[in-house]
Amino acid sequence: MYCGDSQGTAIDHHEPMARNPLRTFDWLNHLLACTYCNSHEKRDRFPLDRNGQSLLIDPSAEDPFDHLQLTLTLGVYRAKGGSPKGQTTIDVCGLNRPILTKGRMHAKDVVIASLCLWQRGFERSDGRQMDQAVRTIREQPFADVCQAMLRQAGNPAAKLLFDDDHELLALLSRPELRKGLLR
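Summarised in this report is the structure supplied together with it. (Residues numbered from 1 in each chain as written. Predicted model: local features only at pLDDT ≥ 70, side-chain atom pairs only at ≥ 80, totals over all residues. Heavy atoms only, no water.)

Here's the deal with the pattern of salt bridges
- Evaluated as defined, the whole model comprises 9 salt bridges.
- Between Lys-42 and Asp-12 there is a salt bridge, with its nearest N and O atoms 3.3 Å apart. Note that Lys-42 is positioned in helix H1 (residues 35-42) and Asp-12 in strand S1 (residues 8-13), a separation of 30 residues in sequence.
- For Lys-42, a relative accessible area of 0% puts it in the buried group.
- A relative accessible area of 2% means that Asp-12 is categorised as buried. (Salt bridge = Lys/Arg side-chain N within 4 Å of Asp/Glu carboxyl O. Helix = DSSP H or I, 4+ residues; strand = E, 2+ residues; numbered from the N terminus. Buried < 20%, exposed > 50% of the residue type's maximum accessible area, 1.4 Å probe, protein only.)

See the structure below:
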């Protein structure tokens, strides 16, 4: 739920038990996290703003993309519009660790290759090939990369974000593909 590497093997108490013992068994306070994020990055940290509100994004209650922007070419997150929640989450969860940025850049390559496979299947009316491409995208680590690509394709500056790759932009805008990826 934090770094997106799909290696979740630990349950994190989003609001730490030490801070609020009453939420220990609250299902909405339990997030699947990788052991590294849970034990080495976030730990019991739970920063609050001046009003006592959490400065960590709760991915079960809010859309992380409201606070985070993924730079696809670098695999790096930045706080969207200077969002304090975005910046705090990046810092506390270590979202820009080198292993994660490298993984996101690899994931982008896998998504693009799979999109090309989907396009070939679409052109030949090969539903099996199209399904396989969508499955590859959906089941790989760093699913946030594909979501960022889909969202950024609709951005008015998309041509700049995708280095004027008109074919990729057109493909990301195809309703048939979006339906398969977003279900």
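Some remarks on the nonpolar core
- Of all hydrophobic cores here, the largest spans 39 residues; its most connected members are Leu-115, Met-149, Phe-162 and Leu-172.
- It is helix H5 (residues 143-153) that contributes the most residues to this core, 6 residues altogether.
- Excluding its chain neighbours within four sequence positions, the residues that come into contact with Phe-162 are Leu-72, Met-149, Gln-152, Ala-153, Leu-168, Leu-169 and Leu-172. (Core = buried A, V, L, I, M, F, W, Y, C linked by side-chain atoms within 4.5 Å. Contact = heavy atoms within 4.5 Å.)

Here we look at a negative patch on the surface
- On the surface, Asp-163, Asp-164, Asp-165 and Glu-167 cluster together to form a negatively charged patch.
- Mapping Glu-167 onto the fold places it in helix H7 (residues 166-172). (Patch = residues over 30% accessible without salt bridge, like charges linked within 9 Å, V, L, I, M, F, W, Y side chains within 5 Å. Areas by Shrake-Rupley, 256 points an atom, 1.4 Å probe, with all protein chains shown as cover. Lys, Arg positive; Asp, Glu negative; His and termini not counted. Charge placed at Lys NZ, Arg CZ, Asp CG, Glu CD.)

Observations concerning the state of the cysteines
- Under the defined criterion, the tally for this structure stands at 0 disulfides.
- Considering cysteine sulfurs only, Cys-37 is the nearest to Cys-34, which forms no disulfide, with 3.5 Å between them.
- No disulfide involves Cys-146; its nearest neighbouring cysteine sulfur is the one of Cys-116, lying 13 Å away. (Disulfide = S-S within 2.5 Å.)

Things to note about a nonpolar patch on the surface
- Residues Met-1, Ile-11 and Leu-32 make up a contiguous nonpolar surface patch of roughly 300 Å² in combined accessible area.
- For Leu-32, the position within the fold is in strand S2 (residues 30-34).
- Classification of Leu-32 as partly exposed rests on a relative accessible area of 45%.

Observations regarding the environment of Asp-5
- Relative to the elements of secondary structure, Asp-5 occurs in the segment before S1.
- On the accessibility criterion, Asp-5 (16% relative accessible area) is buried.
- Along the chain, Asp-5 and Ile-99 lie 94 residues apart, while their C-alpha atoms are 9.6 Å from each other.
- Filtering out sequence-adjacent residues up to four positions away, Asp-5 remains in contact with Cys-34, Leu-100, Pro-141 and Phe-142.

Overview of the packing of aromatic side chains
- Evaluated as defined, the whole model comprises 1 aromatic pair.
- Centre to centre, the rings of Trp-118 and Phe-122 are 5.2 Å apart; their planes meet at 15°, and the pair counts as stacked. Of this pair, Trp-118 and Phe-122 both sit in helix H3 (residues 98-123), 4 residues apart, which is roughly one turn of the helix.
- Overall, the relative accessible area of 27% leaves Phe-122 in the partly exposed class. (Phe/Tyr/Trp six-rings, centres within 6.5 Å; stacked < 30°, edge-to-face > 60°.)

A short note on the side chain of His-14
- Along the polypeptide, His-14 turns up in the loop between S1 and S2.
- Using a relative accessible area of 4% as the deciding quantity, one classes His-14 as buried.
- Residue contacts for His-14: discarding those within four places in its chain leaves Tyr-2, Asn-29, Leu-31, Lys-42, Phe-46, Ser-54, Leu-56, Ile-57 and Asp-58.

A look at unusual backbone geometry
- One non-glycine residue, Arg-43, lies in positive phi territory at about 50°.
- Locating Arg-43 in the fold gives a position in the loop between H1 and strand S3 (68-71).
- Here Arg-43 falls in the partly exposed class, since its relative accessible area comes to 39%.
- One non-glycine residue, Phe-142, lies in the positive phi region at around 65°.
- Mapped onto the fold, Phe-142 is located in the loop between helix H4 (127-139) and H5.

Note that all results are geometric; they support no functional claim without further evidence.
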